[in-house]
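# Structural overview for review
Okay, here's what each chain looks like letter by letter:
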Amino acid sequence: LQLSDEALLARLVAFDTTSQRSNRELSAFLADYLDRPGVRIEARPSPDGRKENLLVELGPPTGPAREGLTLSAHMDVVPAGEGWSCDPFTLTDRGDRWLGRGSADMKGFLALAANTLRSLAGPHLARHPLAAPLALVLTYDEELGCLGAGDLADHWPADRFLPRQTWIGEPTSLAVLRLHKGHLKLRLTCHGVSAHSGYPHLGRSAIEPAARATLALGELAAELASERPPGGEHFGETPYVALNVGLFRGGTAINMIPDRAEVDLGLRLLPGMAPEPWIERVRQRIAATLGPDGWELTLLSNTPPLETPAEAPLHQHLLRERRQTETLAASYATDGGQLARLGLESVICGPGSIEVAHKPDEFLPKTELFAARALLDRVVASFTA
Ligand SMILES: [Zn+2]
């Protein structure tokens, strides 16, 4: 039985897919819901088998020209946290809006995308076959750094294709975005020599150089904030590479000289920036402060920026539909950067607002879901006809 968009959203919200938990129950539910004649479904497990990406395809197989349309959403949500006025995992009607964790980010669009594909399958398909393929790419652990999309890109067979034009329904209040920054995550590890704090001459602190390096990274952050790299003008109040030291960890006890300290930092790279020169710049700044020994800098992960060409057909189509003329960009990352490694050109546009997405009482305005439904129907018809 086909559920309404609202009823399906309620089912999706009821699965607690907080990123640290498994998403396999939700994925299995969707695979079952979408299992209709003509639909090809493939679950692709994560390397540890605890989670999975879900690929769903309808219509003719996608050739090297990558025709058709891909709809993409992540299945995980951020932790519910405290301060809700209702149960975060029960979709709650509040007049003009629905409340629930993931209602905006991004199970609303996920419900729309799933229902769209399902309604085109089955007996309907025999009467109205698709001229071009429609694919769903549903990922895990986007909120932890686009890990599911990265895994998909890492293990993708070279002779297999997905439709190039890709719609990622992250909450933008239906604004259309083709650019966002990436997130390059690095760890500085400082090494010392452990000793009893009563005999400091026998040890060497690791926290002290980590602290000096942190101050130097703060100076580097200020320097970066004063720079105006090309493309920065699309990013409003942050037209530069933002550097943040987000974690500082060191020591074991107050009576011990700490032998290890870690400083985790992230850089928000702009479209077109490769990570290597930035890693080198950070490395040189640390070396200038600490000298060559007693520390190392390692890459934790890299979420690439998104740089879909302005002339991409889906971008042009959505701009026309939304009567938007300006180029908009986001300072957060999405799966689009990783999906570009599969040759996909992603456009970000979805119901709900990023402003409420990671907070208590996250909500989805009903009018935005209805508007997104109408938009999706028109765009899918245009790209698969
Ligand atoms: Zn999201």
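Residues numbered from 1 in each chain as written. Predicted model: local features only at pLDDT ≥ 70, side-chain atom pairs only at ≥ 80, totals over all residues. Heavy atoms only, no water.

### Thoughts on the pairing of strand β3 (residues 69-74)
Put simply, the rule is: To sort residues, take the accessible area from a 1.4 Å probe on protein chains only and compare it with the maximum for the residue type: under 20% means buried, over 50% means exposed, and anything in between is partly exposed. Helix and strand assignments come from DSSP, with helices taken as H or I runs of at least 4 residues and strands as E runs of at least 2, each series counted from the N terminus. When DSSP finds two or more bridges between two strands, those strands count as paired.
For β3, a buried count of six out of six residues is recorded, marking the element as mostly surrounded by other parts of the structure. Both faces of β3 are covered, namely the face carrying Leu 69, Leu 71 and Ala 73 and the face carrying Thr 70, Ser 72 and His 74. Summarising the sheet, β3 and strand β6 (residues 134-139) pair through six bridges and their orientation is parallel. Paired with Leu 69 across the bridge in β6 is Leu 134.

### Focus on the environment of Glu 170
Cut-off, in case you're wondering: The contact criterion used throughout is that any non-hydrogen atoms of two residues lie within 4.5 Å. A 3.5 Å cut-off defines polar contacts: any pair of N or O atoms within that distance qualifies, except that in protein one atom must be a possible hydrogen donor and the other a possible acceptor, and neighbouring residues in sequence count only when both atoms are side-chain atoms.
Of note, Glu 170 is situated in the loop between β7 (165-168) and β8 (177-180). Setting aside anything within four residues of it in sequence, one finds Glu 170 in contact with His 74, Asp 105, Met 106, Glu 142, Thr 334, Ile 348, Cys 349 and Gly 350. At 3.2 Å, the side chain of Glu 170 and the side chain of His 74 are in polar contact.

### Brief notes about helix α3 (residues 103-120)
To be explicit about the condition: To estimate the expected span of a helix, subtract one from its residue number and multiply by 1.5 Å.
The end-to-end C-alpha separation of α3 is 24 Å, in line with the 26 Å expected for 18 residues at 1.5 Å each. Most of α3 sits out of view: 17 of its 18 residues are buried. Note on α3: the residue one or two positions beyond its end, Gly 122, has a positive phi of about 70°.

### Concerning the sheet that holds strand β4 (residues 92-93)
Note the following rule: Interaxial angles span 0 to 180 degrees and are taken between N-to-C directions of axes, which are lines fitted to C-alpha atoms, for helices over the stretch in contact.
With antiparallel pairing, the three strands of this open sheet are ordered in space as β4-β5-β18. Every interior strand has two partners, whereas the edge strands, β4 and β18 (363-365), have only one. Contacts from α3 reach β5 (97-99) and β18, with the element oriented near 55° to β18. Most of the contacts of helix α11 (residues 366-384) go to β18, to which it runs at about 60°, and overall it touches β4, β5 and β18.

### Points about the coordination of the zinc ion
Convention followed: Coordinating donors are taken as N, O and S atoms within 2.8 Å of the metal, stretched to 3.2 Å for Na, K and Ca; because water is absent from the atoms, sites can appear incomplete.
The protein atoms that coordinate the zinc ion are His 74 (NE2), Asp 105 (OD), Glu 170 (OE) and Glu 170 (OE), at distances of 1.9 to 2.8 Å. Of note, the donors binding the zinc ion are all from one chain and are spaced H-x30-D-x64-E. One end of the pair, His 74, is in strand β3; the other, Asp 105, is in helix α3, and 31 residues separate them in sequence.

### Focus on the side chain of Asp 151
Within the secondary structure, Asp 151 sits in helix α5 (residues 147-154). At 2.8 Å, the side chain of Asp 151 and the side chain of His 155 are in polar contact. Other than its neighbours up to four places away in sequence, Asp 151 contacts Pro 45, Ser 46, Pro 47, Asn 53 and Tyr 140.

### Looking at the packing of helix α6 (residues 207-225) against helix α7 (residues 275-290)
The criterion, for reference: If an angle is under 35 degrees, it is roughly parallel; if it is over 145, roughly antiparallel; if it lies from 65 to 115, roughly perpendicular; otherwise it is oblique. By definition, any crossing whose near helix is turned counterclockwise from its far helix by less than a right angle is left-handed, and any crossing with a clockwise turn is right-handed. In the scheme used here, Gly and all other residues not listed as nonpolar or charged are polar, with Ala, Val, Leu, Ile, Met, Phe, Trp, Tyr, Cys and Pro taken as nonpolar and Asp, Glu, Lys and Arg as charged.
α7 packs onto α6 with a crossing angle of 130° between their chain directions and a minimal axis gap of 9 Å. As judged from the angle between their axes, α6 and α7 are oblique. Handedness of the α6/α7 crossing: right-handed. Residues Pro 209, Arg 212, Ala 213, Ala 216, Leu 217, Glu 219, Leu 220, Glu 223 and Leu 224 of α6 form the contact with α7, whose own contacting residues are Trp 278, Arg 281, Val 282, Arg 285, Ile 286, Thr 289 and Leu 290. Classifying every residue of the contact of α6 with α7 by side-chain character gives ten nonpolar, one polar and five charged.

### Digging into the nonpolar core
Basically, it comes down to this: Buried Ala, Val, Leu, Ile, Met, Phe, Trp, Tyr and Cys residues form a nonpolar core when they are joined through side-chain atoms within 4.5 Å.
Leu 30, Leu 71, Trp 167 and Leu 318 are the most contacted members of the largest nonpolar core, which totals 69 residues. In terms of residue count, the dominant contributor to this core is α3 (nine residues). When residues no more than four places from it in sequence are discounted, the contact partners of Leu 30 are Leu 12, Leu 54, Met 75, Leu 110, Ala 114 and Leu 138. Judged by nonpolar contacts, the second largest core, of 29 residues, contains Ala 213, Ala 221, Leu 224 and Ile 286.

### Digging into helix α1 (residues 5-14)
Inclusion rule: Summarising the geometry, the arc corresponds to the directions from the helix axis toward the C-beta atoms.
Listed as buried for α1 are Asp 5, Leu 8, Leu 9, Leu 12 and Val 13. Seen from one end, α1 has its buried residues packed into an arc of 135°, which puts them on one side.

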